[in-house]
Amino acid sequence: MEYFLRYYYYGSGGNNNRVAELESFVMDECKSGKIKKLDDGLKYFDQLILERPLPSIITFYHVLSSLSKIRCYSDVIMLYKKMNLLGVKPDISTFNILINCCCKLVQVNHGFCLLGDIIKRGHQPNVITFTTLINGLCVQEKIDLRSRTGKVDLALHLKNKMVNWKCSPDVVSYGLIIDTLCKGGLVDQALVLFSEMLRDSNDIPNIVAYNSLINGLSNSGRLDEAKSFLGEMANRGIFADVKTYNSIIHGHCLHGQWKETRRYFDQMMDGGISQGCCRLMQW
C-alpha cells in the first residue's frame, strides 16, 4: 500500500486517472483477500473518501464486503453512515451487505429499515435481499426462546411477499425456513413447505433441506418417513453425509431400535463416513 501511494501521488497523471488507479488497486486488494483485519479496510476506506471526485460505489462495496467477510459488522454499518454523509449512494449489492451485517448482529429490525430505504431510493430488492432477511429472522427465532413461531411466521410471510417484487424464493430461502420449523418441532409445517418448494421452485432440493427434514422426523419418532426421504435423496443422486446418518442413528437409538441403529451405522462406515460414529458412541 505504501509503495502504491508514493507512486499514486507523485507518478500518476490527472485527478481522474489517479482515482481510477486507486479504485483498481483497492478492488484488486479486496478481491485477492488481502484485507485480513479491520485496520486494512479502514486504511483503504479513509483514502477513498479523500478523493475528488469520489470513487464509485462499486469500490466502496468491495471494501465493505471484505470487512463483512472478516466479521467487522458494526464497523461496516459505521462506514456506511460516513458514506451517506459524503453523498455516496449505495446500490442494491451494498444494501444487501448492510442487511446481512444487521442480521449477523441480531438486529433484524434494522435490516427491515434498510429494506424500506431500498424501496424509498427506487431500487429493486432481489432474492439475496429477501433470503438474507429470512435468514436473520430464522436465526432470531432459534435465539429467542420466549417465542416459538413469531419470527418464523414473519419469514414465511416475507417469502410469500417476494413475488410482489418479481422474486422467487430459491432452495436456500426454503431451506432456511424448513430447518427452523424442524428445529422448533413443527415438522408437519416443514413438510408442507417442502412440498411447496417441489411444486413451485425450479431448484432441486439440496442436502441441507433433506437433512433438516430427516433430523426433524427422526427426533419426532417418525423414522419410516425419515427413511423414505433418505431413499428419495438417493433417487435424486444426493449422497447422504454425516449429518444425515447422525439423525437416522440418533432417532433409532432414542427408540431402542438397536438392530436398525447398527444397520445404518455399518452403512455409514461402508460409505467412508467415519465421523458419524460419534452419535452412536454417545448411546
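Residues numbered from 1 in each chain as written. Predicted model: local features only at pLDDT ≥ 70, side-chain atom pairs only at ≥ 80, totals over all residues. Heavy atoms only, no water.

Visitor: It is not clear to me how the overall build of the chain should be interpreted in this structure. Could you clarify?
Guide: A tally of helices and strands in the chain yields 16 helices and 0 strands. Sequence separation of 24 or more characterises 62% of the internal contacts of the chain that already satisfy a separation of 6 or more. On the chain, roughly 14700 Å² of surface is accessible, and the fraction owed to carbon and sulfur atoms is 53%. (Helix = DSSP H or I, 4+ residues; strand = E, 2+ residues; numbered from the N terminus. Contact = heavy atoms within 4.5 Å. Areas by Shrake-Rupley, 256 points an atom, 1.4 Å probe, with all protein chains shown as cover.)

Visitor: What is the right way to read the confidence of the model for the chain from this model?
Guide: Close reading of the predicted structure is inappropriate where its pLDDT is low. Here the chain averages 88 in pLDDT, and 88% of its residues register 70 or above. Per-residue pLDDT stays below 50 along residues 278-283; that stretch engages in 12 contacts with residues further than four places along the chain or on separate chains. (pLDDT = per-residue confidence, 0-100.)

Visitor: Explain the nonpolar core to me, please; I cannot follow it from the model alone.
Guide: In a soluble, globular protein the nonpolar side chains are often hidden away together inside. Ranked by internal contacts, the top residues of the largest apolar core, which has 77 residues, are I177 and I178. Of all the elements, helix α6 (residues 92-104) adds the most residues to this core, at 8 residues. What I177 contacts, discounting residues up to four positions off in sequence, is I134, C138, V152, A155, L156, K159 and L193. (Core = buried A, V, L, I, M, F, W, Y, C linked by side-chain atoms within 4.5 Å. Buried < 20%, exposed > 50% of the residue type's maximum accessible area, 1.4 Å probe, protein only.)

Visitor: Help me understand the side chain of E29, please; the structure alone is not making it clear to me.
Guide: As for its placement among the helices and strands, E29 is situated in helix α2 (residues 15-31). Residue classification places E29 among the buried residues on the basis of a relative accessible area of 12%. Contacts of E29, omitting those with residues within four sequence positions, involve K34, I35 and Y44.

Visitor: Help me understand unusual backbone geometry, please; the structure alone is not making it clear to me.
Guide: That bond from R52 to P53 is cis: its omega, 0°, falls within 30 degrees of zero. Within the secondary structure, P53 sits in the loop between α3 (38-48) and α4 (57-69). Its identity as a non-glycine residue notwithstanding, V106 has a phi of 55°, on the positive side.

Visitor: What is the right way to look at the environment of F95 in this model?
Guide: Along the chain, F95 falls in helix α6. When the C-alpha positions of F95 and H123 are compared, they lie 9.7 Å apart, and in sequence the two are 28 residues distant. Setting aside residues no more than four positions away along its own chain, F95 makes contact with Y80, P90, L114, D117, I118, R121 and H123.

Visitor: Any chance you could explain the pattern of salt bridges here in plain terms?
Guide: Note that side chains of opposite charge can pair when their charged atoms are close. The tally for this structure, following the rule as stated, stands at 12 salt bridges. The shortest N-O distance in the salt bridge between D117 and R121 comes to 3.2 Å. Taking the relative accessible area as the measure of exposure, R121 reaches 35% and is therefore partly exposed. Residues D266 and R262 are paired through a salt bridge, measuring 3.2 Å at the closest nitrogen-oxygen approach. (Salt bridge = Lys/Arg side-chain N within 4 Å of Asp/Glu carboxyl O.)

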